[in-house]
Amino acid sequence: MACSKDHSEIQTIMAGLPVDQGGKGRHKCAACAYELGYRDGYNLSEHINLTALFNSLEESQAKEQRHKSPHAAYAQGYYDGVKDFYLNR
Ligand SMILES: [Zn+2]
């Protein structure tokens, strides 16, 4: 299945991510990985299973998230979520 979510709000972030050269997260939707990372970061989650998380993602051939590293996307999302957690306290 291909991801059909509207990721238009994070296209600038997606454009800045490194390209995945056929690693573990190949073709998985990096925009969804970012959003899950953001959620986990905002919640300061400490028990994270990236294998299960990436397995749950849809694939994506669309827009700026195409072929982008889901690892980098998750990490960027996590960091942005942590930052917003502290900003919104
Ligand atoms: Zn997606």
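A brief structural summary. Within every chain, residues take consecutive numbers counted from 1 along the sequence as written. With the structure being a predicted model, the display of local features is reserved for residues of pLDDT at least 70 and the display and counting of side-chain atom pairs for 80 or more, all residues being used for whole-chain, interface and lining totals. Side-chain calculation: all heavy atoms of the structure are included, whereas hydrogens and water are not.

### As for the packing of aromatic side chains
Part 1 of the reasoning: Ring geometry is summarised as follows: Phe, Tyr and Trp rings, the Trp one being its six-membered ring, pair when their centres sit within 6.5 Å, and such pairs are stacked at plane angles under 30 degrees, edge-to-face over 60 and tilted between the two. Scanning the model with the defined rule gives four aromatic pairs in all.
Part 2 of the reasoning: Summarising the aromatic geometry, the rings of tyrosine 38 and tyrosine 42 are spaced 6.1 Å apart at their centres and angled 20 degrees between planes, so their arrangement reads as stacked. Taken together, the residues span about one helical turn, with tyrosine 38 and tyrosine 42 both in helix H2 (residues 30-42) at a distance of four residues.
Part 3 of the reasoning: Partly exposed describes any residue whose relative accessible area lies between the buried limit of under 20% and the exposed limit of over 50%, with all areas from a 1.4 Å probe on protein chains only and scaled to the type maximum. Since its relative accessible area comes to 27%, tyrosine 38 is described here as partly exposed.
Part 4 of the reasoning: Note on tyrosine 42: relative accessible area 31%, which makes it partly exposed.
Part 5 of the reasoning: A centroid spacing of 5.1 Å and a plane angle of 75 degrees characterise the contact between phenylalanine 85 and tyrosine 86, whose relative ring orientation is edge-to-face.
Part 6 of the reasoning: Taking relative accessible area as the criterion, phenylalanine 85 reaches 24% and is therefore assigned partly exposed.
Part 7 of the reasoning: Residue classification places tyrosine 86 among the partly exposed residues on the basis of a relative accessible area of 44%.
Part 8 of the reasoning: An aromatic cluster of at least three residues, connected via ring pairs, comprises Tyr38, Tyr42, Phe85 and Tyr86. Under the scheme used here, helices are H or I runs from DSSP no shorter than 4 residues and strands are E runs no shorter than 2 residues, and both carry numbers assigned from the N terminus.

### Describing the coordination of the zinc ion
Part 1 of the reasoning: Looking at the zinc ion, the protein donor atoms are Cys3 (SG), His7 (NE2), Cys29 (SG) and Cys32 (SG), and they sit 2.1 to 2.3 Å from it.
Part 2 of the reasoning: Donor criterion used throughout: N, O or S atom within 2.8 Å of the metal, extended to 3.2 Å for Na, K and Ca. Water excluded; incomplete-looking sites may result. Site shape is set this way: if four donors have all angles between 85 and 135 degrees, tetrahedral; if opposite donors are over 155 degrees apart and all others between 65 and 115, square planar for four donors and octahedral for six; otherwise irregular. Around the zinc ion sit four donor atoms; with metal-centred angles ranging over 103 to 119 degrees, the donor geometry is tetrahedral.
Part 3 of the reasoning: Ordering the donors of the zinc ion by residue number gives the pattern C-x3-H-x21-C-x2-C. Here cysteine 3 is found in the segment before helix H1 (11-15), whereas its partner cysteine 29 is found in the loop between H1 and H2, with 26 residues between them in sequence.
Part 4 of the reasoning: Judged by its relative accessible area of 17%, cysteine 3 is buried.

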